[in-house]
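Here is how the chains run, residue by residue.
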Number of protein chains: 2
Amino acid sequence: MLRAQGRAVHQCDSGWVPVFVDQEQSISLMSVGFLLESPDEAVVWRGPKKNALIKQFVSDVAWGQLDYLVVDTPPGTSDEHMAAVEALRPYGPLGALVVTTPQAVSVGDVRRELTFCRKTGLQVVGIVENMSGFVCPHCTECTNVFSRGGGAELARLTGVPFLGSVPLDPELTRSLEEGRDFIRDFPQSPAFPALSSIAQKVLSEAPARLS
Amino acid sequence: MLRAQGRAVHQCDSGWVPVFVDQEQSISLMSVGFLLESPDEAVVWRGPKKNALIKQFVSDVAWGQLDYLVVDTPPGTSDEHMAAVEALRPYGPLGALVVTTPQAVSVGDVRRELTFCRKTGLQVVGIVENMSGFVCPHCTECTNVFSRGGGAELARLTGVPFLGSVPLDPELTRSLEEGRDFIRDFPQSPAFPALSSIAQKVLSEAPARLS
């Protein structure tokens, strides 16, 4: 998605140097993918080894001064999540941005994620609903591919802010496939105002919630 | 999906009695969900505890005589996958049915799953592509919501059988939401022939591949 595949991580005096996405070095990345020899290699690791690497990604990477550190976790409430919460706790993380899709099955998983956040003392910045309906490019009618409103309903039930819904958008998925700049290339796309509004809410409301 | 939420697991002389979905007891289920007190409870378990439960689900459940045992795993190549492969190895499992979506990002994950299967000696029955295009119910035009053909291409590259593509289908997702019988209620739905053909291929080709 960020055209960073195949890039390598180097070592400097203050630790691992993250991979920079752009020339201005405005986005830096770290991933186990950069440490593997082949992109097909499976990371067949049990929990303790994963936990150790997650701790290293927090402590041993020369991140420099960051505005935001985004940790993209797999679904679930297991080793990766516990390791990330523990490693970042001393830095006072802003909290969890919880993403669901509209179906009841997915909302059920996310309810358990919210329980995990409560148990581990991690604040929930808000809930985002992804894959919320599809606007047909042929007839412009919107269809709910999955069911509807699960994210907003879950936010209401659990007393967590609802940040918005992102529709299924072939232009967005194509941009991610090709590593293109969606914001520059598709400002008219239906996913654009949705993503922009969610980002604004996170940036403006989150610091207030921390105080 | 199977209207089994809230059902409980009981103990008999030969172990845990699985939950039966229908009166004929043609489908029996076991899930950690049946062992929790509340559906919102998060299973905040590290690897070793998950591994132990997966072993128990194989050895301590009174499964009786089964035609097929289906293990639905999370994505990835971690504790759950290793524990399931190890626990089932003495029973000569048929193999892995690998599901991807069409995008390159998802196909990349699945390449690593295939590497995992090779490393652990698990045969791959075939690849299924899910969420392959959306037939608009308003204008009947088909749109590739994600990109196209990733599953078939991956099967070709890795020499694994390609079993078919399942389109995004609001009638299927609604059936799963409401625990309805999709096969009985929506035989005209575009996902029906796709699912039926994949099931036939698994049933007819898989035993031959085992010999």
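What counts and what doesn't
- Residues numbered from 1 in each chain as written.
- Chains lettered and ligands numbered in written order.
- Predicted model: local features only at pLDDT ≥ 70, side-chain atom pairs only at ≥ 80, totals over all residues.
- Heavy atoms only, no water.
- Patch = residues over 30% accessible without salt bridge, like charges linked within 9 Å, V, L, I, M, F, W, Y side chains within 5 Å.
- Areas by Shrake-Rupley, 256 points an atom, 1.4 Å probe, with all protein chains shown as cover.
- Salt bridge = Lys/Arg side-chain N within 4 Å of Asp/Glu carboxyl O.
- Helix = DSSP H or I, 4+ residues; strand = E, 2+ residues; numbered from the N terminus.
- Buried < 20%, exposed > 50% of the residue type's maximum accessible area, 1.4 Å probe, protein only.
- Phe/Tyr/Trp six-rings, centres within 6.5 Å; stacked < 30°, edge-to-face > 60°.
- Pairing = 2+ DSSP bridges.
- Contact = heavy atoms within 4.5 Å.
- Buried area = accessible area lost by both parts, 1.4 Å probe.
- Polar contact = N/O pair within 3.5 Å; in protein donor to acceptor, adjacent residues only side chain to side chain.
- Nonpolar A, V, L, I, M, F, W, Y, C, P; charged D, E, K, R; others polar.

An unreviewed UniProt entry annotates chain A as NUBP iron-sulfur cluster assembly factor 2, cytosolic of Neovison vison.

Q: Residue-level account of a nonpolar patch on the surface, with values.
A: On the surface, Met 1, Leu 2 and Leu 176 of chain A together with Val 105 of chain B cluster together into a nonpolar patch covering about 340 Å² of accessible area. Among the secondary structure elements, Leu 2 of chain A is positioned in the segment before strand S1 (10–12). Under the relative-accessibility criterion, Leu 2 of chain A is labelled partly exposed at 40%.

Q: I'd like to hear about the packing of aromatic side chains, residue by residue, with values.
A: All names here are of chain B. For the structure shown, the criterion picks out five aromatic pairs over all chains. With a centroid separation of 6.0 Å and 70° between ring planes, the pair formed by Trp 16 and Phe 57 is classed as edge-to-face. Highlighted residues: Trp 16 in strand S2 (residues 15–17) and Phe 57 in helix H1 (residues 47–59), separated in sequence by 41 residues. The two residues Trp 16 and Phe 57 agree in class, both being buried. The interplanar angle of 35° and the centroid separation of 6.0 Å between the aromatic rings of Phe 182 and Phe 186 together place this pair among those described as tilted.

Q: Tell me what's going on with the pairing of strand S6 (residues 124–135) of chain A, and back it up with residues and numbers.
A: All names here are of chain A. Here S6 lies mainly inside the structure; 10 of its 12 residues are buried. One ladder, built from five bridges, connects strand S5 (residues 96–100) with S6; its direction is parallel. Within S6, the position partnered with Ala 96 by the bridge is Val 124. As judged from the five bridges shared by S6 and strand S8 (residues 162–168), these two strands associate in the parallel manner.

Q: Pulling in residues and values, what's your account of the interface of chain B and chain A?
A: Of the residues lining the interface, 42 residues belong to chain B; the matching set on chain A comes to 42 residues. Surface buried jointly by chain B and chain A totals about 3700 Å² across both partners, of which 56% is contributed by carbon and sulfur atoms. Taken together, chain B and chain A are joined by six salt bridges. A salt bridge links Asp 79 of chain B to Arg 46 of chain A, with the shortest nitrogen-to-oxygen separation between them at 3.4 Å. Our count for the contact surface shared by chain B and chain A stands at 20 residue pairs in polar contact (both at pLDDT 80 or more). Residue assignment for the side of chain B that touches chain A shows that the elements contributing at least two residues are H1, helix H2 (79–88), helix H3 (104–119), strand S6 (124–135), strand S7 (142–143) and helix H5 (170–178) of chain B. Sort the elements by how many residues they give to the side of chain B that touches chain A and H3 of chain B lands first, with seven residues. When its residues are assigned to classes, the side of chain B that touches chain A shows 20 nonpolar, 11 polar and 11 charged.

Q: Hey, could you go over unusual backbone geometry for me, with residue numbers and the actual values?
A: Across the chain, the bulk of peptide bonds are trans and the bulk of non-glycine residues have phi less than zero. Residues and elements named next belong to chain A. Positive phi, normally seen in glycine, also occurs at Arg 3, with a value near 55°. With respect to the secondary-structure elements, Arg 3 resides in the segment before S1. With a phi close to 55°, Gln 25 is a non-glycine residue in the positive phi region. Assignment of secondary structure puts Gln 25 in the loop between strand S3 (19–20) and strand S4 (28–29). Gln 25 sits in the partly exposed class, given a relative accessible area of 48%.

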